[in-house]
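# A look at the structure
Here is how the chains run, residue by residue.
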Amino acid sequence: MEPLNFLTTEELLFFLHRKKTEISCIEQPHRFLTQLRDHDLVPEKLFENVKKKRSREQKKDVYKVLDWVEKNKPQYIHQFWRCVFEDHILQLYPTLRMLRKSLLDASLVKKGENQEIWKWPIYKTHLPVTCGDKEGTLYRDKMPRVGEKCILSQGRWFTPNYFEKFAGKEKCKNWKLSIHCRNTPLKKLIEEEHLQCPPMERRKRTCVCSSEENDAEDFQEQGWRGGGTEIRGRVEEEDMADLSVFQDPSLPVTCVSLTGTLYKYRFATGIRGKCIRTEERWFTPEEFVKQEPTITDGHWKKDIVCRGKTLNFLLKKEILLKHLLLCDCQKCSIKKEDLMAQNNDDECYVCDSEGHLVCCDECPRAFHSHCHLPAVHGDSPGEWICTFCVLRTSQQWRDSSNMSEQEAFGAPVSQYRLHCHYLLLCVYREDIQKVFVKDPRPTVPRYSEFISQPMWLDRIKQKLESGEYQTVGAFVSDFQLIFSNSSTFNRDNVFGRMGARLKEMFEEEFQKIFSIQ
């Protein structure tokens, strides 16, 4: 497998930009230039002009050739380096051999008596992956953990198996071959030890007490045996619809007028495990049904629906599993009381990662103390309410008169600090891949060549907390700088589109919380 496949166009162009002088010093460059000409990387006229000159003069003109390639053939930069690194060229030019080694920043590692593999840290944390027409980002450190969701695509996390199904390739039943990184199947990366695969383990039987099995939750023992519902159950069993739409780790559910999201990993049974989240709180399936005023004698298995199917159907198809341990035996690591106490999210609302979280007493959200604005110092005594709930409560009592955009921009930050905290938290939350959080200059090649005034979210947070903003307009101006920089540097690539979506969301939230006419 070619290690160059793991480098982006921007990285290879940046490397050429830095190494043009070094390459132009090679001795007897005629063969090198001929290689570029033969692969249509240098125009014939330019090649002939250099060819006519003596060897010493040719060395001076090699730089001009490389400069021309950088400016006029950026889309062929992978082909350029493949030509430069062909064996017969590397044998002639020791300088290019050293360049290849430094480019890959790797060393040859012995795998066997006569076998070697490349180890390179180009993508230490994540890899671009595709499956069918779906694109995603694979996080290498998450992949070795059993059951860990390690692929991020379209704002959602997937295990490799679920990502394969999300891409409509579930018939392959082999994600190692159907998921590719730069045209290379993950199986090859795993075999060559560039990726670590989660260990195989036996599927454990669900530990459920017989008392739970015979619980009143079984609605069939409660009279759900009418002719109409019996037919409905048979129709669902016979329905051979594509089940891939149910493979996401979280699923939208409804109960007449109610809507929520069911998280599979929290599901236990109807009366255990708060697995359905609404904007207001977490519910068990049984509690969720009781919120619907039009249902007086309902049951969660038949009355909660996901994409046209009841939860009973999802249970029969093993899309939902009673995988949490519900008995009181010593082998069970999760107690019934713990399941019923899950009133808040298990991940930080801002950064989507676990850890020590501070939980809001008004909504399901939870935060790392440093992720919330304002930061939460120490354990909050008594009841604690997050910025989202404080703003919602304050707006319910606030004068409903509208402001003009100019009035909002001129308003002092000291009077609208809560609004600024809210806007900043919203953008942190929506920046799923955390592209705009840190200073881009240390990690993005050539960024400073295009952007004269960089700005990022952590910098805005620092300026807001240190009191550098006097007006709301100055605060908003730095957000607009992030969005305009993204548009200039990224244009219409995935990051540019992400910046455009953030800009649209920010402007909508700004107009809403300031009641802009």
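Below is a short write-up of the structure. Counting of residues starts from 1 at the beginning of each chain's written sequence and follows it residue by residue. Reporting in this predicted model follows two pLDDT cut-offs: at least 70 for local features of residues, and 80 or more for side-chain atom pairs to be given and counted; totals over whole chains, interfaces and linings ignore these cut-offs and use all residues. Computation of side-chain values: all heavy atoms of the structure, hydrogens and water removed.

### Side note on the overall build of the protein chain
Secondary structure elements follow DSSP: runs of H or I of four or more residues count as helices, runs of E of two or more count as strands, with numbering from the N terminus. A tally of regular secondary structure across the protein chain gives 23 helices and 16 strands. In what follows, residue pairs with any heavy atoms lying within 4.5 Å of each other are defined as contacts. The contacts of the protein chain with a sequence gap of at least 6 include a subset with a gap of at least 24, amounting to 59%. Looking at the protein chain as shown, the accessible area adds up to about 28700 Å², and 48% of this sits on carbon and sulfur atoms. Each accessible area is a Shrake-Rupley estimate made with a 1.4 Å probe; only the visible protein chains count as cover when residues are assessed.

### So, the pairing of strand 3 (residues 126–131)
For every residue, the accessible area (1.4 Å probe, protein chains only) is compared with the maximum for its type, and the residue is labelled buried under 20%, exposed over 50%, or partly exposed between those bounds. Of the two faces of strand 3, only the one carrying Leu127, Val129 and Cys131 is buried; His126, Pro128 and Thr130 on the other face are not. At least two bridges found by DSSP between two strands is the condition for calling them paired. In this structure, strand 3 lies alongside strand 4 (residues 134–139), joined through six bridges in antiparallel fashion. Residue pairing in the sheet places Thr130 in a bridge with Glu135 of strand 4. The loop that links strand 3 with its antiparallel partner strand 4 comprises two residues; one of these, Gly132, has a positive phi angle of about 60°.

### Quick word on the environment of Asn490
The topology assignment puts Asn490 in helix 22 (residues 472–490). In sequence terms Asn490 and Tyr447 are 43 residues apart; their C-alpha atoms lie 10.0 Å from each other. The residues touching Asn490, leaving out its near neighbours within four places in the chain, are Asn485, Phe495 and Gly496.

### Brief notes about unusual backbone geometry
The peptide bond linking Leu373 to Pro374 adopts the cis configuration, its omega dihedral lying at -5°. You can see Pro374 is positioned in the loop between strand 16 (366–367) and helix 17 (387–397). Its identity is not glycine, yet Asp352 carries a phi of approximately 60°, on the positive side. Mapping Asp352 onto the fold places it in the loop between helix 16 (336–340) and strand 15 (358–359). With relative accessibility at 29%, the residue Asp352 sits in the partly exposed group. For Arg446, which is not a glycine, the phi torsion comes out positive at approximately 65°. Along the polypeptide, Arg446 turns up in the loop between helix 19 (417–430) and helix 20 (447–450). Accessibility expressed as a relative area gives 22% for Arg446, which makes it partly exposed.

### Side note on helix 23 (residues 494–513)
End to end, helix 23 covers 29 Å across 20 residues, agreeing with the expected 28 Å (1.5 Å per residue, within 8%). Regarding helix 23, the residues found buried are Gly496, Met498, Gly499, Leu502, Met505, Phe506, Glu509, Phe510 and Ile513. The N-cap residue of helix 23 is Asn493: its side-chain oxygen and the backbone nitrogen of Phe495 are 3.0 Å apart. Once helix 23 ends, the next one or two residues include Ser515, with phi positive near 50°. For a helix, the expected span equals 1.5 Å multiplied by the number of residues minus one. Polar contacts here mean pairs of N or O atoms no more than 3.5 Å apart (in protein, one a potential hydrogen donor and the other a potential acceptor; neighbouring residues in sequence count only if both atoms are side-chain atoms).

### Re the pattern of salt bridges
Salt bridges are identified by distance alone: a Lys or Arg side-chain nitrogen within 4 Å of an Asp or Glu carboxyl oxygen. Throughout the structure, instances matching the rule amount to 22 salt bridges. In this structure, Arg37 and Asp38 form a salt bridge, with 2.9 Å as the shortest nitrogen-oxygen distance. The residue Glu509 makes a salt bridge to Lys512 at a minimum N-O spacing of 3.1 Å. Here Glu509 and its partner Lys512 are both found in helix 23, three residues apart, which amounts to about one turn of the helix. One connected set of salt bridges, linked through shared partners, spans Lys20, Asp67, Glu70, Lys71, Arg446 and Glu449.

### What about the packing of helix 1 (residues 9–24) against helix 5 (residues 77–84)?
Under this scheme, a helix contributes an axis fitted over its contacting stretch, all axes are lines through C-alpha atoms, and angles between N-to-C directions fall in the 0 to 180 degree range. For the pair helix 1 and helix 5, interaxial distance at closest approach is 10 Å and the crossing angle is 45°. The orientation of helix 1 with respect to helix 5, classified from their angle, is oblique. Between helix 1 and helix 5 lies a crossing whose hand is left-handed. Only Ile77, His78, Phe80 and Trp81 of helix 5 make contact with helix 1, whose side of the interface consists of Thr9, Leu12, Leu13, Phe15, Leu16 and Ile23. Should an angle lie under 35 degrees it is considered roughly parallel, over 145 roughly antiparallel, and from 65 to 115 roughly perpendicular; all remaining angles are considered oblique. Crossings are assigned a handedness: left-handed for a near helix turned anticlockwise from the far helix by less than a right angle, right-handed for a clockwise turn.

### Remarks on helix 1
Counted at 1.5 Å a residue, the expected span for helix 1 with its 16 residues is 22 Å, and the 21 Å between its end C-alpha atoms agrees. What is called the bend at a residue is the angle between a pair of axes, fitted to the seven residues leading up to and ending at it and to the seven starting from it. Of all bends in helix 1, the biggest is about 50°, found at Arg18. Among all positions of helix 1, only Leu12, Leu13, Phe15, Leu16, Lys20, Ile23 and Ser24 are buried.

### Looking at the packing of aromatic side chains
Two rings belonging to Phe, Tyr or Trp (six-membered ring only in the last case) form a pair when the distance between their centres is within 6.5 Å. Interplanar angles under 30 degrees mark stacking, angles over 60 mark edge-to-face geometry, and anything in between is tilted. Counted according to the given criterion, the structure contains 27 aromatic pairs. Aromatic side chains Phe158 and Phe163 sit 6.0 Å apart centroid to centroid with 55° between the ring planes, which places their arrangement in the tilted category. Phe158 gets classed as buried once you look at its relative accessible area, which sits at 0%. On the basis of relative accessible area, Phe163 is assigned to the buried category, the value being 0%. Put simply, the rings of Phe409, Tyr416, Tyr469, Phe475, Phe479, Phe483, Phe506, Phe510 and Phe514 pair up and form one aromatic cluster. In this structure, Lys142 packs its charged tip against the face of Trp157, placed 5.1 Å from the ring centre. Whether a charge sits over a ring comes down to the Lys NZ or Arg CZ being within 6 Å of the ring centre and within 35 degrees of the ring normal.

### A closer look at the pairing of strand 4
Of all six residues making up strand 4, five are buried, and the element is well covered by its neighbours. Inspection of the sheet shows strand 4 paired to strand 5 (residues 151–153) by two bridges, in the antiparallel sense. Each bridged residue has a counterpart across the sheet, and for Thr137 the counterpart in strand 5 is Leu152.

### Some thoughts on the nonpolar core
Nonpolar cores are built from buried Ala, Val, Leu, Ile, Met, Phe, Trp, Tyr and Cys residues. Side-chain atoms within 4.5 Å join them into one set. Membership of the largest hydrophobic core comes to 52 residues, with the highest contact counts inside it found for Leu424, Leu457, Phe475, Phe479 and Phe514. Only strand 16, helix 17, helix 19, helix 21 (457–465), helix 22 and helix 23 provide two or more residues apiece to this core. Here this core takes eight residues from helix 19, the largest share from any one element. In this view, Leu424 contacts Leu373, Leu457, Ile460, Lys461, Leu464, Phe475 and Phe479; residues no more than four positions away in its chain are not counted.

### Side note on the side chain of Arg266
Among the structural elements, Arg266 can be located in the loop between strand 10 (258–263) and strand 11 (276–277). Looking at Arg266, its side chain comes within polar contact range of the side chain of Asp346, at 2.9 Å.

### A look at the packing of helix 22 against helix 23
Look at helix 22 against helix 23: their axes get within 8 Å of each other, and the N-to-C directions meet at 160°. Compared by their axis directions, helix 22 and helix 23 come out roughly antiparallel. In terms of crossing hand, the pair formed by helix 22 and helix 23 is left-handed. Along the contact surface, helix 22 presents Val472, Val476, Phe479, Gln480, Phe483, Ser486 and Asn490, while helix 23 presents Phe495, Gly496, Gly499, Leu502, Lys503, Phe506, Glu507 and Phe510. Residues were grouped as follows: Ala, Val, Leu, Ile, Met, Phe, Trp, Tyr, Cys and Pro as nonpolar; Asp, Glu, Lys and Arg as charged; and all remaining residues, including Gly, as polar. Taken together, the residues that form the contact of helix 22 with helix 23 break down as eight nonpolar, five polar and two charged.

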